[in-house]
Amino acid sequence: MSQNQAYEALQKGVANATIAPYEVLKGWKQAEVITLSPEESARWAEAVIPVIGDYQIEAMKKGLPGKTYVNSIRNLIKHHEE
């Protein structure tokens, strides 16, 4: 789906999310950034623990290195937070 089709689908409620490079989203005014308080960030971090654990288990059942994937993502987040 092209970005203009995605934009229209979002407006109509046909789609509820889109993934694209930040620069593309910014041009379509879809790159809103929400800043969470430290308390809210901690609450979300705690809430996703079981989801991440389930993902790792399901990935490993498929023969994929789920734990490695999660660790890589965590390292990327730390790197970009600095």
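Counting of residues starts from 1 at the beginning of each chain's written sequence and follows it residue by residue. Side-chain atom pairs in this predicted model are given and counted only at pLDDT of 80 or more, local residue features only at pLDDT of at least 70, and totals for whole chains, interfaces and linings cover all residues. Side-chain numbers here rest on the full set of heavy atoms in the structure, without hydrogens or water.

### Let's talk about the pattern of salt bridges
Let me state the cut-off plainly: Salt bridge, as used here, is a side-chain nitrogen of Lys or Arg placed within 4 Å of a carboxyl oxygen of Asp or Glu. By definition, any uninterrupted DSSP run of H or I lasting at least four residues is a helix, any uninterrupted run of E lasting at least two residues is a strand, and each is numbered from the N terminus.
Applying the stated criterion across every chain, the model contains three salt bridges. Salt-bridge contacts for Lys 61 lead to Glu 58; the nearest nitrogen and oxygen are separated by 3.3 Å. Taken as a pair, Lys 61 and Glu 58 lie in helix H4 (residues 49–61) at a separation of three residues, close to a single helical turn.

### Structural notes on the side chain of Gln 56
Here is the rule: Burial classification: accessible surface area is computed with a 1.4 Å probe over protein chains only, and a residue below 20% of its type maximum counts as buried, one above 50% as exposed, and the rest as partly exposed. We call two residues in contact whenever any of their non-hydrogen atoms come within 4.5 Å of each other.
With respect to the secondary-structure elements, Gln 56 resides in helix H4. Residue classification places Gln 56 among the buried positions, given a relative accessible area of 17%. Sequence-distant contacts of Gln 56, that is, excluding residues within four places in its chain, are made with Gly 66, Lys 67 and Val 70.

### A word on the packing of H4 against helix H5 (residues 66–81)
Here is the rule we go by: Orientation is described by axes fitted as lines to C-alpha atoms, over the contacting stretch for helices, and by angles from 0 to 180 degrees between their N-to-C directions. The cut-offs work like this: below 35 degrees is roughly parallel, past 145 is roughly antiparallel, 65 to 115 is roughly perpendicular, and the gaps in between are oblique. Think of it as three bins: nonpolar holds Ala, Val, Leu, Ile, Met, Phe, Trp, Tyr, Cys and Pro, charged holds Asp, Glu, Lys and Arg, and polar takes everything else, Gly as well.
Two numbers describe how H4 lies on H5: the axes approach to 7 Å, and their chain directions differ by 135 degrees. Compared by their axis directions, H4 and H5 come out oblique. Counted together, Ile 52, Tyr 55, Gln 56, Ala 59 and Met 60 of H4 and Gly 66, Lys 67, Tyr 69, Val 70 and Arg 74 of H5 form the full contact between these two elements. Of the residues that constitute the contact of H4 with H5, the class distribution is six nonpolar, two polar and two charged.

### Quick notes on the environment of Met 1
As for its placement among the helices and strands, Met 1 is situated in the segment before helix H1 (3–12). Among the residues examined, Met 1 registers a relative accessible area of 75% and is labelled exposed. What Met 1 contacts, discounting residues up to four positions off in sequence, is Ala 6 and Ala 9.

Keep in mind these numbers describe shape, not what the thing actually does.
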